[in-house]
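Okay, here's what each chain looks like letter by letter:
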Amino acid sequence: MRRGLPARWANPLIVAGMALVLGVVAWLQYRWIGELSEAEKARLERTLEQSARRFRGGFNRQLHELAVSIAPEMRELDADNVEALTAERLTPWLEGTPLRIESAWMRRIAASGEGELLRLSPADRSWEAIPETAPGVPGLLARPWRGGGRRGFGGGSGFVGFGGGFGGRPPTWTFLGDGPYLVQALIHFHREEPSGRPQRPDLLGFLFVQLDEAGLRQSLFPQLFAETFGEVGELGYEAAVLEIGESERVIFSSQPDAKPQDFLRAAVRLPLLLTRDEVESAGRRAGRPPEMRREEPPQRPGDGHSPGGPPPPPNEPGGPGGPGGPQPDAMEAGVAAGPGPEWMLLVRHRQGSLDAVVGRLRRRNLAISTGVLALLAVGMSTVLLSTRRARKLAELQMEFVAGVSHELRTPLAVIRSAGDNLAEGVVSDREQVREYGRLIRGEGRRLSGMVEQTLQFAAVQAGKRQYRVETVSASELLRRAAEESRPAVDEAGCRLDVSVPEDLPLVRVDPAAAAHCLQNLIGNAVKYGGEARWVGLSARRVNGAVEAVVSDHGPGIDPQEAADIFEPFYRGKRATEQQIKGNGLGLALARSDAEGFGGKLTVESRVGEGSSFILRMPIDSSASSS
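Residues numbered from 1 in each chain as written. Predicted model: local features only at pLDDT ≥ 70, side-chain atom pairs only at ≥ 80, totals over all residues. Heavy atoms only, no water.

## What to know about the overall build of the protein chain
What counts, and what does not: Counting from the N terminus, the helices are the DSSP runs of H or I reaching at least four residues and the strands are the DSSP runs of E reaching at least two. Think of it in three bands: residues with accessible area under 20% of the maximum for their type are buried, residues over 50% are exposed, and the middle band is partly exposed, with areas taken using a 1.4 Å probe on protein chains only. In what follows, a contact means two residues having at least one pair of non-hydrogen atoms within 4.5 Å. Method for areas: the Shrake-Rupley scheme with a 1.4 Å probe, in which residue coverage is limited to the protein chains shown.
Regarding its fold elements, the protein chain presents 13 helices and 18 strands. Counting the 626 residues in the protein chain, one finds 42% classified as buried. Considering only intrachain contacts with a sequence separation of at least 6, the fraction spanning at least 24 residues in the protein chain is 70%. Total accessible area on the protein chain is roughly 33300 Å²; 52% of this is exposed by carbon and sulfur atoms.

## Observations concerning the sheet that holds strand 5 (residues 181–188)
Our working definition: When DSSP finds two or more bridges between a pair of strands, those strands are recorded as paired. Axis geometry follows a simple rule: fit a line to the C-alpha atoms, using only the stretch in contact for helices, then measure angles between N-to-C directions, giving values from 0 to 180 degrees.
Taken in spatial order, the 7 strands line up as 3-2-1-6-5-4-10 in an open sheet, and their pairing is mixed. In the strand order of this sheet, the two ends are held by strand 3 (126–129) and strand 10 (335–337), each with one partner. Taken pair by pair, the neighbouring strands of this sheet meet at an average axis angle of 30 degrees, ignoring direction. As judged from the 5 bridges shared by strand 1 (residues 101–109) and strand 2 (residues 115–121), these two strands associate in the antiparallel manner. Note that in strand 2 the partner of Met106 across the bridge is Leu118.

## As for the sheet that holds strand 9 (residues 268–271)
Spatial strand order, 8-7-11-9: 4 strands in an open sheet with antiparallel pairing. For this open sheet the edge positions go to strand 8 (248–253) and strand 9, each flanked by a neighbour on one side alone. Taking the axes of each pair of neighbouring strands and ignoring which way they run, one obtains an average angle of 25 degrees across the sheet. Where strand 7 (residues 237–244) meets strand 11 (residues 342–349), 8 bridges bridge the pair, whose relative direction is antiparallel. Of the residues in strand 11, the one forming a bridge with Leu242 is Met344. Packed on one face of the sheet, helix 4 (residues 213–228) meets strand 7, strand 8 and strand 11 and runs near 55 degrees to strand 8.

## Side note on the packing of helix 9 (residues 474–491) against helix 10 (residues 511–528)
The criterion, for reference: Each angle is binned into one of four classes, with values under 35 degrees roughly parallel, values over 145 roughly antiparallel, values of 65 to 115 roughly perpendicular, and all other values oblique. We call a crossing left-handed when the near helix sits turned anticlockwise from the far one by less than a right angle, and right-handed when that turn is clockwise.
Running from N to C, helix 9 and helix 10 point in directions that differ by 40 degrees, and their axes come no closer than 9 Å. The angle between helix 9 and helix 10 places the two elements in the oblique class. For helix 9 against helix 10, the interelement crossing comes out right-handed. Contact residues: helix 9 offers Leu477, Leu478, Arg480, Ala481, Ala482, Glu484, Ser485 and Val489, while helix 10 offers Pro511, Ala514, Ala515, Leu518, Gln519, Ile522 and Val526.

## Side note on the nonpolar core
To be explicit about the condition: To define a nonpolar core, start from buried Ala, Val, Leu, Ile, Met, Phe, Trp, Tyr and Cys residues and group those joined through side-chain atoms within 4.5 Å.
Counting 52 residues, the largest nonpolar core has Phe59, Phe221 and Trp343 as the members making the most contacts within it. At 9 residues, the largest contribution of residues to this core is made by helix 1 (residues 7–70). In terms of nonpolar packing, the next biggest core, distinct from the first, is built from 41 residues, Val500, Val535, Ala548 and Phe597 among them.

## What to know about the pattern of salt bridges
Note the following rule: Throughout this description, the term salt bridge denotes a Lys or Arg side-chain nitrogen within 4 Å of a carboxyl oxygen of Asp or Glu.
Enumeration over the complete set of coordinates arrives at 17 salt bridges. A salt bridge links Glu128 to Arg119, with the shortest nitrogen-to-oxygen separation between them at 3.0 Å. Residue Arg119 is classed as partly exposed on the basis of its relative accessible area of 30%. When the shortest N-O distance is used, the salt bridge between Glu547 and Arg540 registers 3.0 Å. We classify Glu547 as buried; its relative accessible area is 11%. Three or more residues are tied together by salt bridges with common partners; here these are Glu213, Arg217, Glu243 and Arg249.

## Focus on the confidence of the model for the protein chain
Parts of the model with low pLDDT should not have their predicted coordinates read in detail. Note the cut-off: Confidence per residue, as judged by the predictor, is encoded in pLDDT with a range of 0 to 100.
Of all residues in the protein chain, 75% attain a pLDDT of 70 or more, and the chain-wide mean is 75. Low confidence marks residues 294–332, where pLDDT is under 50. Its contacts with residues over four positions away, or in another chain, come to 107 contacts.

## Structural notes on helix 4
Short version of the rule: Bend at a residue means the angle formed by two fitted axes: the first through the 7 residues ending at that position, the second through the 7 residues beginning there. Any pair of N or O atoms that falls within 3.5 Å is considered a polar contact. Within protein, one atom must be able to donate a hydrogen and the other to accept it, and sequence-neighbouring residues count only if both atoms are side-chain atoms.
Along helix 4, the sharpest change in direction is near 35 degrees and occurs at Leu220; proline Pro222 comes one to four residues later. Where helix 4 begins, the side chain of Asp212 points an oxygen toward the backbone nitrogen of Ala214, at a separation of 3.3 Å.

## Here we look at helix 12 (residues 586–596)
Buried residues dominate helix 12, accounting for 8 of its 11 residues. Burial in helix 12 covers these residues: Gly586, Leu587, Ala588, Leu589, Ala590, Ser592, Asp593 and Ala594. Downstream of helix 12 by a residue or two, Gly598 has a phi angle that is positive, lying close to 95 degrees.

## Considering unusual backbone geometry
Look at the link from Gly179 to Pro180: it is a cis peptide, with omega at -10 degrees. Here Pro180 lies in the loop between strand 4 (173–176) and strand 5. Notably, Asp257 is not glycine yet its phi reads approximately 60 degrees, a positive angle. The residue Asn543 is not glycine, and still its phi comes out positive at about 50 degrees. Summarising the element assignment, Asn543 is placed in the loop between strand 15 (534–542) and strand 16 (545–552). For Asn543, a relative accessible area of 69% corresponds to the exposed category.

## Looking at the packing of aromatic side chains
Two aromatic rings, taken as a pair, are described by how far apart their centres are and by the angle between their planes. Put simply, the rule is: Whether two aromatic rings pair depends on their centres lying within 6.5 Å, for rings of Phe, Tyr and Trp, where Trp uses its six-membered ring; planes under 30 degrees apart make the pair stacked, over 60 edge-to-face, and the rest tilted.
Taken as a whole, this structure holds 9 aromatic pairs when the rule is applied. Taking the centre distance of 5.8 Å and the plane angle of 25 degrees together, the rings of Phe55 and Phe221 count as stacked. Note that Phe55 is positioned in helix 1 and Phe221 in helix 4, a separation of 166 residues in sequence. Using a relative accessible area of 0% as the deciding quantity, one classes Phe55 as buried.

## Details of the packing of helix 10 against helix 12
For clarity, the cut-off: Residue type decides the class: Asp, Glu, Lys and Arg count as charged, Ala, Val, Leu, Ile, Met, Phe, Trp, Tyr, Cys and Pro as nonpolar, and the leftover types, Gly among them, as polar.
Viewed as axis vectors pointing N to C, helix 10 and helix 12 meet at an angle of 150 degrees, and their least axial separation amounts to 9 Å. Between helix 10 and helix 12, the crossing angle belongs to the class labelled roughly antiparallel. Judged by the sense of rotation from one axis to the other, the crossing of helix 10 with helix 12 is left-handed. Judged by residue contacts, Ala513, His516, Cys517, Asn520, Leu521 and Asn524 of helix 10 engage Gly586, Leu587, Leu589, Ala590 and Asp593 from helix 12. Along the lines of polarity and charge, the residues of the contact of helix 10 with helix 12 split into 6 nonpolar, 4 polar and 1 charged.

## Points about the pairing of strand 16
Counted residue by residue, strand 16 has 8 buried out of 8 residues, so it is predominantly covered. Side-chain alternation along strand 16 places Ala545, Glu547, Val549 and Ser551 on one buried face and Val546, Ala548, Val550 and Asp552 on a second face that is also buried. The turn joining strand 15 and strand 16, which pair antiparallel and follow one another in sequence, is formed by 2 residues; a positive phi near 50 degrees is taken by Asn543.

## Notes on the side chain of Asp212
Within the secondary structure layout, Asp212 lies in the loop between strand 6 (202–211) and helix 4. Those residues within four positions of Asp212 in sequence are excluded, and the remaining contacts are Arg100 and Glu102.

## A few points about the environment of Val546
Looking at the secondary structure, you find Val546 in strand 16. The class for Val546 is buried, based on a relative accessible area of 0%. Along the primary structure Val546 and Pro618 are separated by 72 residues, whereas in three dimensions their C-alpha atoms are 6.5 Å apart. In contact with Val546, not counting residues within four places along its chain, are Ala474, Leu504, Pro505, Val507, Arg540, Leu615, Arg616, Met617 and Ile619.

So this is what it looks like as structure tokens:
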């Protein structure tokens, strides 16, 4: 049969294999966490972009619905009723809604090209003429007026650019951030000429609707943020609407007291208003940009079709203004951004950029995975150490069994031999009988000592060893232990020198355990003291304790074995080679006894100079002070 690997190679190979497996797992985790972080970043970017577009679409939808509601009927609009129709449409929006109208102004254009400034009076819901130089007139409306007539208004008016060219189709509403204002050209479409060719429309003026910015800030924007940024808002994201122009100003922020510079590293920057191209192209395709659509678009007042539906081409059969088709019935409801300050939607994380957020998540995941791997490594190392310790303990136990068997066999053989000689009458001389009696007594004492040590060790391991701490005289305790050990010392042919001062203080110990500890130390010094055949017992007072020192002049302890001599069943290399009798429990029981009554046992040794075992016993502080 093939034998396995030697035991000395097993553990290193297992450790190397574990390290390799942990390294591969760590590398895979690092790679997977990196891929997950990139995927999480892409997901957050998509979520933020979608949320920002929903916010943008919600705001533009509100403007769209407002424009639908206040746009006058194109078929009925002319120079005589433009004021009445616009006042009728505007008055419901002067109060009571989040998207409230703050004020309304109209720039009328006469046939001669002269302009007149009107303001909607909240009291009687009618228009009143206001001088352009009157206090409170917005700067936007106090600009110099250049007349050019109604017809052919391609460049005569300073405000024509807000309406745009439409060629028979209603113009687009324009949003001006400086105010903010919704601006629309008021157009009169003529009936068809007999020839079938439509006449060019007349520009009756411009309508300026000032929105309530406080209502946007306090009601509409918070509502849109809660609806569209609920998921990412819980993750610590903030949104703000900034006015970008000659200077920057915070219109709205989900975080109170935010400043424009707080959003310099925003993850998303998006114009809040639709561009004119977006409005016109979306109108040609499907009526609204995708983020503005609803399942049931709002209906035009007084009409049954959606304003967002794709209209037939202008000036074509069936189209607005075209032969056989309906005439334009209302102003175009799409709202586009105009010149001037731009409103921007910005989204950021409270703790920095999106890369920083993902980086923190990645570092946290790496820390958690590293901790798990570290725990796994510690667990595997613990298992290895426990296995190694269990194997070593099993070897020591086997050595203990072998040693105890040998130790028991020798005295039993001597006792049996001596007993047989006495029983058979081989020994009849009185002096020889006495010698045999002393031999049997000594071997019996050895057997009793081994049995007692084994029982004590079993009690210690089972936690059944009980200690009774008392106050005793240190001097008397040491002398009594020396006297009880002297017969064994004399029998071994050693000299025991005792140097114990009379004035040692009282100590708190278990007298039996302390005496047993000292006797074990003296017996150990006798066995391992070498050719000097000398054992010393001394005592001293050191830092609140009495230290009893048992010394010998033997060969000392190998530094590599010093950490193991107090382990159960351990016997040094020299003891094994020289076949010194023992079972490896003496020092283990001595340390257990010392720690049991609150003391401490240590060793100091130099190779070739001997060893000193130091038993530290705590002083009774109450008796000492009294």
